[in-house]
Every structure is written in C-alpha cells, then in structure tokens.
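# Structural overview for review
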Amino acid sequence: RMAAFEGSVVVTGSTTGTSARTIAQLVAAANHRIQLNKIRVGFRSVTAADPPVLVELVRQTDAGTSVAATPVKKDDSIADTLLTAGRKTFTSTEPPTTDILSAWSVHPAGLPLVEPFAPREVICGGGDRVGLRCTTSTSQTVDVTMEFEE
C-alpha cells in the first residue's frame, strides 16, 4: 500500500450563533472521492451552566454563504497538491443538508470531541460535500479540525 495523501482543514475562533450553523466543510474534487479520517471539535466556554451543543456531521449540496478554507497537507514532503477544498465562515445562508451522518451532544465547557473514523466509514463522493454543523441556544466560540485522505 502506498502512503496515504492526507490533509486537514482547520477553522479556529468561529462562532456558532444560536441556530444551526455550519462551521467547516470539505469539498471533494470532481471525480475524486475522499475519506474522512477524524474530526476534532473544541469549544472555548468556561461556564458550566451553558447548554450542550448538538454537533452533526452532514452531507451538504452547496457552499451556502462562506469563504474558502485552505486545506493543509499532513506530509509537506509530498510534492502533489491536495485536490480537496475547504469552506468556513458560514454566515447568512446555510448550505442545504441532505443527510445527517452522525451526531453528538457536547458540553461547551468540557473536553473537546475527538472522533476517529474507521476506514471507509465516512466517504465523500467526487464533487460532493461533507460539513460539520453546530446547533445551540447560546452562541459559542468553536475550533474545528477535519482530517481527510484523498
């Protein structure tokens, strides 16, 4: 087996708002699927009374209102360029969601959520999108990492 070409999209200091908000999104290149390897989600709250945050891994159909998030190679000695794109800073228009792949209830003042996925557990088809979305009644600051393999 050849070495995997792995990358990540990191989004720091994003706010959840008080309704469903996509924090980060991976966009597979056309005709080039990707495998999601791990997500990390950490909130910056120190208030024990804050309500839990619903964190969802979702399939989405477009970018909504967002900006590019540049993926980073995990092994910078590989000369190839990552084909996967990233999105962040989702504002007025949420991307349409077609499927919820997984969901977790996370306390914003607790330990970060670190979720490794088994091989082929979460595949994003060529040209498709997978996003990480948070829903809470009190706005939170969140840091997210989505690790993937092309």
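The preceding data block contains the structure.
All of the points below concern the structure found in this document. (Residues numbered from 1 in each chain as written. Predicted model: local features only at pLDDT ≥ 70, side-chain atom pairs only at ≥ 80, totals over all residues. Heavy atoms only, no water.)

## A short note on the overall build of the protein chain
On a plain count of helices and strands, the protein chain comes out with zero helices and 12 strands. Seen in sequence order, the protein chain has helices and strands lined up from the N terminus as β-β-β-β-β-β-β-β-β-β-β-β. On the principal axes, the C-alpha backbone points of the protein chain span a range of 50 × 30 × 25 Å. Accessible area for the protein chain stands at about 7,500 Å²; split by element, carbon and sulfur atoms hold 51% of it. Averaging the coordinates of the 14 positive side-chain charges in the protein chain and doing the same for the 16 negative ones gives two points 1 Å apart. (Helix = DSSP H or I, 4+ residues; strand = E, 2+ residues; numbered from the N terminus. Areas by Shrake-Rupley, 256 points an atom, 1.4 Å probe, with all protein chains shown as cover. Lys, Arg positive; Asp, Glu negative; His and termini not counted. Charge placed at Lys NZ, Arg CZ, Asp CG, Glu CD.)

## Overview of the nonpolar core
If you look at the biggest cluster of nonpolar residues, it comprises 30 residues, and the most contacted ones within it are Ile39, Val41, Val55, Leu57 and Met146. Among the elements that make up this core, the one with the highest residue count is strand 3 (residues 34-43) (five residues). (Core = buried A, V, L, I, M, F, W, Y, C linked by side-chain atoms within 4.5 Å. Buried < 20%, exposed > 50% of the residue type's maximum accessible area, 1.4 Å probe, protein only.)

## A look at the sheet that holds strand 2 (residues 21-27)
Read across the open sheet, the six strands follow the order 5-7-2-11-4-8; overall the sheet is antiparallel. The outermost strands of the open sheet, each flanked by one partner alone, are strand 5 (67-69) and strand 8 (97-106). Ignoring strand direction, the axes of neighbouring strands in this sheet form an average angle of 25 degrees. When strand 2 meets strand 7 (residues 85-88), the two strands line up antiparallel, connected through three bridges. Bridging across to strand 7, Gln25 finds its partner in Arg87. (Pairing = 2+ DSSP bridges. Axes fitted to C-alpha atoms, helices over the stretch in contact; angles between N-to-C directions.)

## Remarks on the pairing of strand 2
With six of seven residues buried, strand 2 lies mostly within the body of the structure. Pairing geometry for strand 2 and strand 11 (residues 129-135), over six bridges, is antiparallel. Considered in strand 11, the bridge of Ala24 is made with Leu132.

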